[in-house]
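Structure at a glance
Spelled out from the first residue to the last, the chains are:
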Amino acid sequence: MVSSLGAVVLLYDAMIKEVANAKTAIEEGRIEDRFNATQKACKILVGLQSHLDFEKGGNISLMLDQFYHTIFRDLQQVNMKNSAQICDGIITALSEVRASWSELAQNEQRTGSPDGKAQEAKPAKPAQEPERPPEASSLTISI
């Protein structure tokens, strides 16, 4: 199982892979493959963008929304200009943001909190109440 933050890191990995595939397709003259790869990256991007929580996320959600808009525009430019150079810029930008998500995921795994601060212990439940396993959340990703 992967945490929500871990899932975001995996989605960034998938976007980076698709943009790299688009770059390779450009270099090899495979226009249809370039288009398909950029479309897959766009689908992941739109999925991430659609799950931004502007109430809880505040300024960070606003910044990510703008970032996603920029990456989406750049992916369209890859198709319009057939540019491997634009692919490089997208990969660099995605990799930098991915590194931040990865750090948050590692902090959460290590301390239980994305900010790296250990969470306070929860009060113990009364002895007569049996311990219930935590509910698992699921995430379905189709690329």
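Presented here is a report on the structure given in the accompanying data block. No experiment lies behind these values; they were computed from the predicted model shown.

Quick look at the side chain of R34 now. Mapped onto the elements, R34 comes out in helix α2 (residues 31–50). Of the side chains bearing the opposite charge, D33 lies closest to the buried R34, which forms no salt bridge; the N-O distance is 9.9 Å. Every residue in contact with R34, bar those within four places of it in the chain, is listed here: A22, A25, I26, V78, N79 and N82.

Taken as a whole, this structure holds five salt bridges when the rule is applied. For R30, the salt bridge identified is with E28, shortest N-O distance 2.8 Å. Through salt bridges with shared partners, one network takes in E28, R30 and D33.

By the element assignment, A93 lies in helix α4 (residues 84–111). In this structure, the C-alpha to C-alpha distance between A93 and I71, residues 22 residues apart in sequence, is 8.3 Å. Among residues more than four places away in sequence, those in contact with A93 are F67 and I71.

Turning our attention to the nonpolar core. Ranked by size, the top nonpolar core spans 33 residues in total, and within it Y12, Y68, L94 and W101 carry the most contacts. Going through the elements one at a time, α1 (4–27), α2, α3 (54–81) and α4 are the ones with two or more residues in this core. No other element matches α1, which puts eleven residues into this core. Among residues more than four places away in sequence, those in contact with Y12 are L48, L64, F67, Y68, L94, V97, R98 and W101.

Bringing α3 into the picture now. Under the 1.5 Å per step criterion, the end-to-end length of α3 is only 33 Å for 28 residues, more than 12% shorter than the ideal 40 Å. Where α3 bends most, the angle comes to about 70°, and this point is I60. For α3, the full list of buried residues reads S61, L64, F67, Y68, I71, D74, L75, V78 and N79. Buried residues belonging to α3 abut α1, α2 and α4. Regarding α3, its N-cap is D53, as a side-chain oxygen of that residue lies 3.1 Å from the backbone nitrogen of E55 further along.

Attention now moves to α4. Under the 1.5 Å per step criterion, the end-to-end length of α4 is 40 Å for 28 residues, consistent within 8% with the ideal 40 Å. All buried positions along α4 are accounted for by A84, C87, I90, I91, A93, L94, V97, W101, S102, A105 and N107. Residues of α4 that are buried in the fold lie against α1 and α3. Looking at where α4 begins, the residue whose side-chain oxygen comes 3.3 Å from the main-chain nitrogen of Q85 is S83. The positive-phi residue at the C-terminal boundary of α4 is G112, with phi of around 90°.

Cut-offs and rules
- Residues numbered from 1 in each chain as written.
- Predicted model: local features only at pLDDT ≥ 70, side-chain atom pairs only at ≥ 80, totals over all residues.
- Heavy atoms only, no water.
- Helix = DSSP H or I, 4+ residues; strand = E, 2+ residues; numbered from the N terminus.
- Buried < 20%, exposed > 50% of the residue type's maximum accessible area, 1.4 Å probe, protein only.
- Lys, Arg positive; Asp, Glu negative; His and termini not counted.
- Salt bridge = Lys/Arg side-chain N within 4 Å of Asp/Glu carboxyl O.
- Contact = heavy atoms within 4.5 Å.
- Core = buried A, V, L, I, M, F, W, Y, C linked by side-chain atoms within 4.5 Å.
- Expected span 1.5 Å × (residues − 1).
- Bend = angle between axes of the 7 residues up to and from the residue.
- Polar contact = N/O pair within 3.5 Å; in protein donor to acceptor, adjacent residues only side chain to side chain.

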